[in-house]
Every structure is written in C-alpha cells, then in structure tokens.
Amino acid sequence: DGTAFVPAVSEVLRITNITFDPANGTLTLTWPSAVGRTYAVDTSTGLSPEGTVGGWAEFDDSVAGAADEVRYIMQLGVPAPSFIWARVRDITGNE
C-alpha cells in the first residue's frame with residue numbers, strides 16, 4: 001500500500017543510563033531504540049505542567065533512532081541547573 005515500514009523496538013522505552021559531567025555541563029541519556037524511529041527529549045526543572053515555570057519543555061524533537069540504543073548528549077551549560085528531569089518520547093509518525 002506504499003506505507004513506510006517502521007521497525008518496532010524490542011524493549012520498553014525507558015532511560016537506561018544517565019551520566020552527568022559537571023565539568024562540561026553535559027547530561028548523557030541512553031535508551032533502547034531502533035533505526036527508523038524518531039524520539040523527543042523533554043526536560044523540566046520543577047516537574048510542573050507544560051507551559052508553567054519549571055514545567056516540561058521539549059529540548060529536542062529530532063533524535064534519530066539507532067540500532068539497539070541511542071546515546072544522547074545534552075549540553076546544559078556551566079553551571080548546570082541545580083535540578084533537571086528528563087524524559088524521552090517516541091514520536092515516530094508524529095514528527
């Protein structure tokens with residue numbers, strides 16, 4: 001029918017590793033993925049609702065899937081925020 005094939009991911013989408021490097025202000029996230037999928041990374045400094053101070057905001061909405069897993073490096077700056085939360089969403093087909 002002409003519909004593009006998008007492979008399924010064999011694992012549940014969840015961040016499997018987080019590494020923070022205060023010297024260069026980077027936060028590295030790792031999660032299971034598949035080639036052909038697209039992910040968005042959101043951040044929050046207060047776990048508040050989207051659109052409010054400290055609320056969830058899209059950090060990047062064009063993270064390409066890779067074989068097995070994605071290792072995504074976020075440049076937060078120095079000094080980095082005192083607190084930051086991150087989440088990943090599979091937005092394949094909604095880009």
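Up top you'll find the structure we're talking about.
From a predicted model like this one, the values you see are computed outputs, not experimental measurements.

Caption draft 1: Broad picture of the overall build of the protein. Check the secondary structure of the protein and you find 0 helices and 6 strands. Taken from the N to the C terminus, the helices and strands of the protein come in the order β-β-β-β-β-β. For the protein, buried positions account for 34% of its 95 residues. In the form shown here, the protein has an accessible surface area of approximately 6000 Å², with 53% of it arising from carbon and sulfur atoms.

Caption draft 2: A look at the environment of Ala 80. Assignment of secondary structure puts Ala 80 in the loop between strand 5 (68–75) and strand 6 (85–90). For Ala 80, a relative accessible area of 24% puts it in the partly exposed group. Ala 80 sits 58 residues away from Pro 22 along the chain, and the two C-alpha atoms are 7.1 Å apart.

Caption draft 3: Examining the environment of Gly 55 more closely. You can see Gly 55 is positioned in the loop between strand 3 (38–44) and strand 4 (57–64). For Gly 55, a relative accessible area of 11% translates into the label buried. Considered as a pair, Gly 55 and Trp 85 are 30 residues apart in the sequence and their alpha carbons are 10.0 Å apart. Beyond its immediate chain neighbours, meaning those up to four positions away, Gly 55 contacts Thr 43, Ser 44, Ser 48 and Pro 49.

Caption draft 4: Region of interest: the sheet that holds strand 5. Taken together, the 3 strands give an open sheet; going across it, the order is 1-2-5, and neighbouring strands pair in antiparallel fashion. A strand with exactly one partner marks an edge of an open sheet, and here the two such strands are strand 1 (17–21) and strand 5. Sheet twist, expressed as the mean angle between neighbouring strand axes with direction ignored, is 15°. Bridge analysis of strand 2 (residues 26–33) against strand 5 gives 8 bridges, and the strand direction is antiparallel. What sits directly across from Pro 32, in strand 5, is Glu 69.

Caption draft 5: Structural context of the packing of aromatic side chains. All chains considered together, the criterion is met by 3 aromatic pairs. Summarising the aromatic geometry, the rings of Trp 31 and Tyr 72 are spaced 6.3 Å apart at their centres and angled 50° between planes, so their arrangement reads as tilted. Pair noted here: Trp 31 is in strand 2 and Tyr 72 is in strand 5, with a separation of 41 residues, a long-range link. Taken individually, Trp 31 and Tyr 72 each receive the classification buried, so the pair is uniform in this respect.

What counts and how
- Residues numbered from 1 in each chain as written.
- Predicted model: local features only at pLDDT ≥ 70, side-chain atom pairs only at ≥ 80, totals over all residues.
- Heavy atoms only, no water.
- Helix = DSSP H or I, 4+ residues; strand = E, 2+ residues; numbered from the N terminus.
- Buried < 20%, exposed > 50% of the residue type's maximum accessible area, 1.4 Å probe, protein only.
- Areas by Shrake-Rupley, 256 points an atom, 1.4 Å probe, with all protein chains shown as cover.
- Contact = heavy atoms within 4.5 Å.
- Pairing = 2+ DSSP bridges.
- Axes fitted to C-alpha atoms, helices over the stretch in contact; angles between N-to-C directions.
- Phe/Tyr/Trp six-rings, centres within 6.5 Å; stacked < 30°, edge-to-face > 60°.

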